[in-house]
Amino acid sequence: MDIEVRSITDGDVEAFRRSLIENFGGDVSDEEGALDRFRDLFETSRTFAAFDGGEIVGTAGAFSMEVAVPGGTLPMAGTTIVSVRPTHRRRGILRALMRGHLDEARDRGDPLVGLWASETPIYSRFGFGSAADLLDVSFDSRAVGLRGDEPTEHVRLVGADDARKMLPDVYEQHWRDRPGMLARGNVWWEHRHFHDPERDRDGASARRYAIAFEGDRPTGYVTYRQKSDWGEGIPNGRLEVVEMIGLNPEARRALWHLVGNVDLYPNVKWWNAPVDFALPWEVANPRAITRKVSDSLWLRLHDVPAALQGRTYAADGLIKIHVVDPFCHWAQGTFSLEVEDGAGSCTPTSDHPDVTLPAHALGALYLGGRRATMLARAGLVEGADRDVLRLGSMFSSDVAPWCQEIF
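First things first, this report covers the structure right here in the doc. The structure presented is a predicted model; accordingly, all values stated were derived computationally and were not measured. (Residues numbered from 1 in each chain as written. Predicted model: local features only at pLDDT ≥ 70, side-chain atom pairs only at ≥ 80, totals over all residues. Heavy atoms only, no water.)

The next point concerns the sheet that holds strand β5 (residues 112-116). Pairing is mixed in the open sheet, where seven strands are placed in the order β1-β2-β3-β4-β5-β14-β6. A single partner strand is all that each edge strand has here, and the edge strands are β1 (3-7) and β6 (129-130). Of the pairings in the sheet, the one linking strand β3 (residues 55-69) to strand β4 (residues 72-84) comprises eleven bridges and is antiparallel in character. Bridge pairing in β4 places G58 opposite V84. Across the face of the sheet, helix α1 (residues 13-23) comes into contact with β2 (47-52), β3 and β4 while running at roughly 85° to β3. (Pairing = 2+ DSSP bridges. Helix = DSSP H or I, 4+ residues; strand = E, 2+ residues; numbered from the N terminus. Contact = heavy atoms within 4.5 Å. Axes fitted to C-alpha atoms, helices over the stretch in contact; angles between N-to-C directions.)

Turning our attention to α1. Turning to α1, its buried residues are V13, F16, R17, S19, L20 and N23. Angular distribution of buried residues about the axis of α1 spans 165°; they occupy a single face of the element. Positive backbone phi, at 85°, marks G25, one or two positions downstream of α1. (Buried < 20%, exposed > 50% of the residue type's maximum accessible area, 1.4 Å probe, protein only. Arc of directions from axis to C-beta.)

Looking now at the nonpolar core. By size, the foremost hydrophobic cluster in this structure holds 81 residues, and its most contacted members are Y123, L337, Y366, F395 and F407. When residues in this core are grouped by element, the largest group, eight residues, is from β3. In this structure Y123 touches V82, M98, L115, A117, F128 and W298, once residues within four positions along its chain are discounted. Residues V137, A210, F213 and Y265 belong to the second largest nonpolar core, which totals 42 residues. (Core = buried A, V, L, I, M, F, W, Y, C linked by side-chain atoms within 4.5 Å.)

The next thing to look at is the pattern of salt bridges. Pairing between side chains becomes possible if they bear opposite charge and their charged atoms approach one another. Summed over the entire model, instances satisfying the criterion amount to 31 salt bridges. Notably, a salt bridge pairs D133 with R370, separated by 2.8 Å at the nearest N-O pair. With D133 in strand β7 (residues 133-140) and R370 in the loop between α9 (359-365) and α10 (372-377), the pair connects residues that are 237 residues apart, well separated along the chain. Its relative accessible area of 16% is what places R370 among the buried residues. Each of E43, R46, E104, R108 and D110 takes part in one network of salt bridges that share partners. (Salt bridge = Lys/Arg side-chain N within 4 Å of Asp/Glu carboxyl O.)

Helix length check: helix α3 (residues 93-108) (16 residues) gives 23 Å between terminal C-alpha atoms against 22 Å at 1.5 Å per residue, within 8%. Of the residues making up α3, those classed as buried are I93, L94, L97, M98, G100, H101, L102, E104 and A105. Contacts made by the buried residues of α3 are with β1, β2, β3, β4, β5 and β14 (297-301). At the C-terminal side of α3, G109 shows a positive phi close to 85°. (Expected span 1.5 Å × (residues − 1).)

Further remarks concern unusual backbone geometry. One non-glycine residue, R90, lies in positive phi territory at about 60°. Inspection of the secondary structure puts R90 in the loop between β4 and α3.

Next up on the list: the packing of helix α5 (residues 160-174) against helix α6 (residues 186-194). With their axes 11 Å apart at the nearest point, α5 and α6 run at an angle of 120° to one another. Taken as axis vectors, α5 and α6 run oblique relative to one another. As α5 runs across α6, the sense of the crossing is right-handed. Contact with α5, carried on its side by A160, A163, R164, L167, P168 and Y171, involves W189, E190, H193 and F194 of α6 and no other residues of that element. (Parallel < 35°, antiparallel > 145°, perpendicular 65-115°, else oblique. Left-handed = near helix turned anticlockwise from the far one by under 90°.)

So this is what it looks like as structure tokens:
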């Protein structure tokens, strides 16, 4: 039987959600409000299903997002909920879903498309490159030894209602300053950050909210959980950081001072910290901090001129870039990027390129977290050494990209 791929209607939502959860190996719950939350988060016109007859056997979708890039922000289609039923593998369903999704993103005019890859071998063939990393951090607070005096900013624990009032404002002051971070609207805050069902806690507590203050002004926050462990009668609990945002170094120090000094919970873990976080330089024993690097946000440039003109650059110059993008023909070609005073202008050109690279390598470079010379050594960037160096110096960023959450 032929497979039909199309965007869903409101009448498909319940069957779509069921198929999605089961494809990822989960069980469908009857939690009150679950379907309403799904409808709030997902636009049906951006949510695609593969139908085998009347049965949904594949899913894909996109969030309408805004992402921070060096020097600004841009719209981004956030690729998500991509799945295929195990009975329907190897039939081209994933490719058909990605075709529908990426064509729709082009019609919307999204200059960028981004995702978190559940399986890393899949997405480079669709033009996505690994653009940002995360640090999986853990330490025993009894061993690290925070340096310096007591923080001058004070920290206060608040309930969820007060957190709803204060956290979004702190976040709004910060997210544009770090490439890869995402804008958050009210629906996202409510359904993705404050919605906290017990089944998602893995035996840990509900989320706690602590806010740093300079006088009466909130300057940072940390969201965390606590998980008890008494072992052989010795307190050895774990504090799990969900998210930490500080508007200045003093706020960040105050928040670390809190999470590193919670009685009975000496083991601190933050699964998704920025790779350039400063804590190892602020403790007496940095070797006591275990750090594991992993990829996070993947990007593809869907409208190359708009994306390249939408960020600023660390060095001026002119470079002609040939992009190889067989899956999205409109993003393939040679583009002339000219940067003056950090601002770029980009147009298609028939001139001979200075560098040639596949779409996924350009996506990896875009936020400034990858070195062009490294990609050249891997065979992903072709060009004279001087041109590769120029490409790298233009695209570099002083702030490491970081995406604060999976979507």
